[in-house]
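Chain by chain, the residues:
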Amino acid sequence: MRILYQIDAFTLTPFTGNAAGVVLTAQGMTDAEMLAIARELNNSETAFVLPPDGPDHDVRVRFFTPTTEVPTCGHATVGAHFARAVEYDLPSCSLVQKTGTGLLQRVEVHRDDDRVRIGMHQGAADFGPELDRHQVDRLLQGLGAGAGDLADNGPVQVVSTGHSKVLIELRDRAAVDALKPDPAALTELSHEVGSNGFFVFSRATGDARLLTWSRMFAPAIGIIEDPVTGNGHGPLGAYLVRHGIVAAPGGRLTFTGRQGAAMGRPGDVRVHVETQSDGRLLVSITGDAATAFRAELHSPLPDGVQRTPR
């Protein structure tokens, strides 16, 4: 018997934040079965928890969108380890997670009575290409925004802490909320720039508790819009520090970003960036979570799917 959770990440309130499916004890499942379950749940990502296959990590987790496997996922990592903490009554602890691409990530479980928060150390920030003027114009058009909506700050750039995003800042929260993206146009641009996600943010949040207000679109991997994106907020923190957009006294920046309000699923991500002596920017995120449901999973193979062990 396999246990299935649906976890709402980056929130304390069920049915807000970002929903992630979590399949515990997923050993023995094929890629086709995992993809079929992810498609059935139709969340932006579903996590499949597996035992370690080496001494350098404590648990393996694979992540699937409804259409493909992705290397890592922030909100589904929060969901997976929240589900493990609830199911197995785990105390506060630190562990190492191995993802489907071999990336090792440190995960922390913070338990305070019944409240469980999950911290995730992402990879060192990698700064990719900056989009040229023509590409920026096409991106704005694909987002349903105008040239006047663009903030005059850092570049529009591909940044990754494990799963890259194109970061673009708009002038205010209203401009972010008004976006009406064209999935086909964004998919075409994704293939051109080599990044599947477009993370759109503003620092004009209208709320002193929040540094950023954002939305994220990744139609190239079947995600028209993602409610709250851990692997968007991590690169965002590094980007803000790298380009001096936000002060980072002593090389450190900590802030809260909100995403998902436009979808009626608001959630908050706590982001911490630390500058190393060699200039690398190390990023971690922390989030709350809530259980939407727990169920027993029955998953016979779809017709025509061959069982081929991984």
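Look a little higher up for the structure.
Only a predicted model underlies this, so the values are computations on that prediction, with no experimental measurement involved. (Residues numbered from 1 in each chain as written. Predicted model: local features only at pLDDT ≥ 70, side-chain atom pairs only at ≥ 80, totals over all residues. Heavy atoms only, no water.)

## A word on the pattern of salt bridges
Moving on, step 1. All told, the structure shown has 18 salt bridges when counted by the stated rule.
Moving on, step 2. Here Asp172 and Arg171 are joined by a salt bridge, their closest N and O atoms 2.6 Å apart.
Moving on, step 3. For Asp172, a relative accessible area of 22% corresponds to the partly exposed category.
Moving on, step 4. Note that Arg258 and Asp268 form a salt bridge whose closest N and O atoms lie 2.7 Å from each other. One end of the pair, Arg258, is in strand 15 (residues 252-259); the other, Asp268, is in strand 16 (residues 267-275), with ten residues separating them in the sequence.
Moving on, step 5. One network of salt bridges, in which partners are shared, links Asp31, Arg62 and Glu69. (Salt bridge = Lys/Arg side-chain N within 4 Å of Asp/Glu carboxyl O. Buried < 20%, exposed > 50% of the residue type's maximum accessible area, 1.4 Å probe, protein only. Helix = DSSP H or I, 4+ residues; strand = E, 2+ residues; numbered from the N terminus.)

## Considering the pairing of strand 13 (residues 212-218)
Moving on, step 1. In terms of residue burial, strand 13 counts as a mostly covered element, since seven of its seven residues are buried.
Moving on, step 2. In strand 13, alternate side chains face the same way, and those of Thr212, Ser214, Met216 and Ala218 on one face and Trp213, Arg215 and Phe217 on the other are all buried.
Moving on, step 3. Both strand 12 (residues 197-202) and strand 13 contribute to a ladder of five bridges, which runs antiparallel. Looking across to strand 13, one finds that Ser202 is bridged to Trp213.
Moving on, step 4. In the sheet, strand 13 pairs with strand 15 via three bridges, with the strands oriented parallel. Of the residues in strand 15, the one forming a bridge with Trp213 is Arg258.
Moving on, step 5. Between strand 13 and strand 14 (residues 223-226), which pair antiparallel in sequence order, lie four residues; one of them, Gly222, sits at a positive phi of approximately 85°. (Pairing = 2+ DSSP bridges.)

## Focus on the nonpolar core
Moving on, step 1. By size, the foremost hydrophobic cluster in this structure holds 55 residues, and its most contacted members are Val22 and Leu240.
Moving on, step 2. A per-element tally of this core places helix 2 (residues 74-88) first, with six residues.
Moving on, step 3. Residues in contact with Leu240, not counting those within four places in the same chain, are Phe201, Arg203, Leu211, Thr212, Ile245, Val246, Leu253 and Phe255.
Moving on, step 4. Val136, Leu140, Val176 and Leu186 belong to the second largest nonpolar core, which has 22 residues in total. (Core = buried A, V, L, I, M, F, W, Y, C linked by side-chain atoms within 4.5 Å. Contact = heavy atoms within 4.5 Å.)

## What to know about the packing of aromatic side chains
Moving on, step 1. Counted by the stated rule, this structure contains two aromatic pairs.
Moving on, step 2. Geometrically, the ring pair formed by Phe48 and Phe64 is edge-to-face, given 5.7 Å between the ring centres and 90° between the ring planes. Of this pair, Phe48 sits in strand 3 (residues 45-50) while Phe64 sits in strand 4 (residues 59-64); the two residues are 16 residues apart in sequence, bridging distant segments of the chain. Of the two residues examined, Phe48 and Phe64, each falls in the buried class.
Moving on, step 3. Where Phe201 meets Tyr239, the ring centres are 6.1 Å apart and the plane angle is 80°; that geometry is what we call edge-to-face. (Phe/Tyr/Trp six-rings, centres within 6.5 Å; stacked < 30°, edge-to-face > 60°.)

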